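Remarks on the overall topology
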Amino acid sequence: MKLMMSRLMGMMFIQYIVQGAWVLTLGLVLSSYGMPDIIGTAYAVLGIATILSPMFVGMVADRFFSTEKLLGIMHLLLAAVLYITSGFIVAGQPTYSLIGIFFVGLIYYPTVALTNSITFHHVDGPRYFPVVRVFGSIGYVVLGLFIGQMGWSGDVMTWYVAIISAIVMGVYSFTLPHTPPKSAGAPFSIRDLLCLDAMALFKDKYFTIMMISILILMVPKTAYSAYIPVFLNALGFDNAASMMQIGVAMEVLFVFFIPFFLTRFGFKVTLMLGMISWAIRSVLFSEAALSGSYAMVIIGLILQGVCWDFFFTVADIYADKKAGDKIKAQAQSLRFIASNGVGLFFASSVCGYIFNSHVTDTGAAGLAQWETFWLFPAGIAVFVFIIFLFFFKDDVSHEPAKKAAE
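Just so it is clear, the structure is predicted and the values come from calculations on it, not from any experiment.

So, the packing of helix 11 (residues 258-291) against helix 12 (residues 294-302)
Packing of helix 11 against helix 12 brings their axes to within 8 Å, and their N-to-C directions diverge by 160 degrees. In terms of orientation, helix 11 lies roughly antiparallel with respect to helix 12. For the crossing formed where helix 11 meets helix 12, the hand is left-handed. Here Arg281, Leu284, Phe285, Glu287, Ala288 and Ser291 of helix 11 lie close against helix 12, whose contacting residues are Met296, Val297, Ile299, Gly300 and Leu301. Per-class residue counts for the contact of helix 11 with helix 12 are seven nonpolar, two polar and two charged.

In structure tokens:
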């Protein structure tokens, strides 16, 4: 068992190094190579890739290939696409760069589900999955610190790190324990693919409010993930990748506080605490743009733990509570599409428009414009907070999961 856990921990560690290397400072890399105006579009195409990629896994991956072999093949293919796309970025070709980024997302995101599937197949999920998964976050932190210390936060060298890591992951995947396709021989179901059974949950107005809130709050989330490296660079911080690991570390820490807050305060209060934290964090960044306050930046990064865990992670738990046993997987897929698919596409388009309209100067010359930029996601988060305060009255903290028939 110890050997199995070690192999799975290693898998997660490398998996998220691969992701962090190309996505962690994507916005800053594009900006450094003369393409800051396509940052929003880049994240929008990743949103489209997120919507389409589960269809590939649903139709092909879990029916015809052993999971570990497919994971290896996809990472080797990913390495090739990363290499081609990095060339487009260096050449400053926005159209080809966006096409490459789309295919990077299309290939990479299904591998996250594959690593989860391998883990759940070989260990007791509720007991051991969090232990295995935390090594992904550790890998992300290690990668960020390494990039920051090497001074590569805005350099395409981060993509070369991703290429090497993807090759390592591809080879390592073939050594993982055999994991047969989970749906081999099962009939294809369009209802499962499109999450049609879970769509019935939208009859519940509170579930609908939750999903709409997720979609809208992707705007401040995307403003942070896409533009914080560019903002930190404008403030004069050369180690943006390292500094961002403060937020990742806080995500790991605050997840352990979720059970206490849900038990003591319930879903609504916990979710609202996460919502208002997005607003507070954006206001802190807005003030730091003019004052250059190091403390405000650090506090804003620390708040990532509350922002992410108390809203998006708790939203996952809420979706699980609302769904019956038969549609739990569909409900989680629906939540993921609402945030990382449709939500990311919507939010990236909005954030891209705000950035391109208000941040027209680079470096320190644009700090006054960054002050305005961060006020938009702050206002959006406050708006969602107010709507949630008055209209969301559902709290399922102490209720069993609802039956699918309901």
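Back to the write-up after that little detour.
Notes on the environment of methionine 35
With respect to the secondary-structure elements, methionine 35 resides in the loop between helix 2 (26-32) and helix 3 (39-64). Methionine 35 gets classed as buried once you look at its relative accessible area, which sits at 3%. In this structure, the C-alpha to C-alpha distance between methionine 35 and glycine 92, residues 57 residues apart in sequence, is 6.9 Å. What methionine 35 contacts, discounting residues up to four positions off in sequence, is Leu30, Ile89, Gly92, Gln93, Pro94 and Ser97.

Digging into helix 12
Every buried residue belonging to helix 12 is among Val297, Ile298, Gly300 and Leu301, and all of these are buried. Seen end-on, helix 12 carries its buried residues on one side only, within an arc spanning 160 degrees. As for helix 12, its buried residues are in contact with helix 9 (205-234), helix 10 (240-254), helix 11 and helix 13 (304-322). A distance of 3.4 Å separates the backbone nitrogen of alanine 295 from a side-chain oxygen at the start of helix 12, and that oxygen is part of serine 293.

Observations regarding the nonpolar core
By size, the foremost hydrophobic cluster in this structure holds 131 residues, and its most contacted members are Trp22, Trp159 and Trp370. With 18 residues, helix 9 is the largest single contributor of residues to this core. Ignoring sequence-local partners within four residues, the contact set of tryptophan 370 consists of Tyr227, Val230, Phe231, Ala234, Ala289, Phe355 and Val359.

Section: the environment of isoleucine 17
Secondary-structure assignment places isoleucine 17 in helix 1 (residues 2-23). For the pair formed by isoleucine 17 and leucine 143, sequence separation is 126 residues and the distance between their alpha carbons is 5.8 Å. Not counting the four nearest positions on each side in its chain, isoleucine 17 is found in contact with Gly139, Leu143 and Ser165.

Conventions and cut-offs
- Residues numbered from 1 in each chain as written.
- Predicted model: local features only at pLDDT ≥ 70, side-chain atom pairs only at ≥ 80, totals over all residues.
- Heavy atoms only, no water.
- Axes fitted to C-alpha atoms, helices over the stretch in contact; angles between N-to-C directions.
- Helix = DSSP H or I, 4+ residues; strand = E, 2+ residues; numbered from the N terminus.
- Parallel < 35°, antiparallel > 145°, perpendicular 65-115°, else oblique.
- Left-handed = near helix turned anticlockwise from the far one by under 90°.
- Contact = heavy atoms within 4.5 Å.
- Nonpolar A, V, L, I, M, F, W, Y, C, P; charged D, E, K, R; others polar.
- Buried < 20%, exposed > 50% of the residue type's maximum accessible area, 1.4 Å probe, protein only.
- Arc of directions from axis to C-beta.
- Polar contact = N/O pair within 3.5 Å; in protein donor to acceptor, adjacent residues only side chain to side chain.
- Core = buried A, V, L, I, M, F, W, Y, C linked by side-chain atoms within 4.5 Å.

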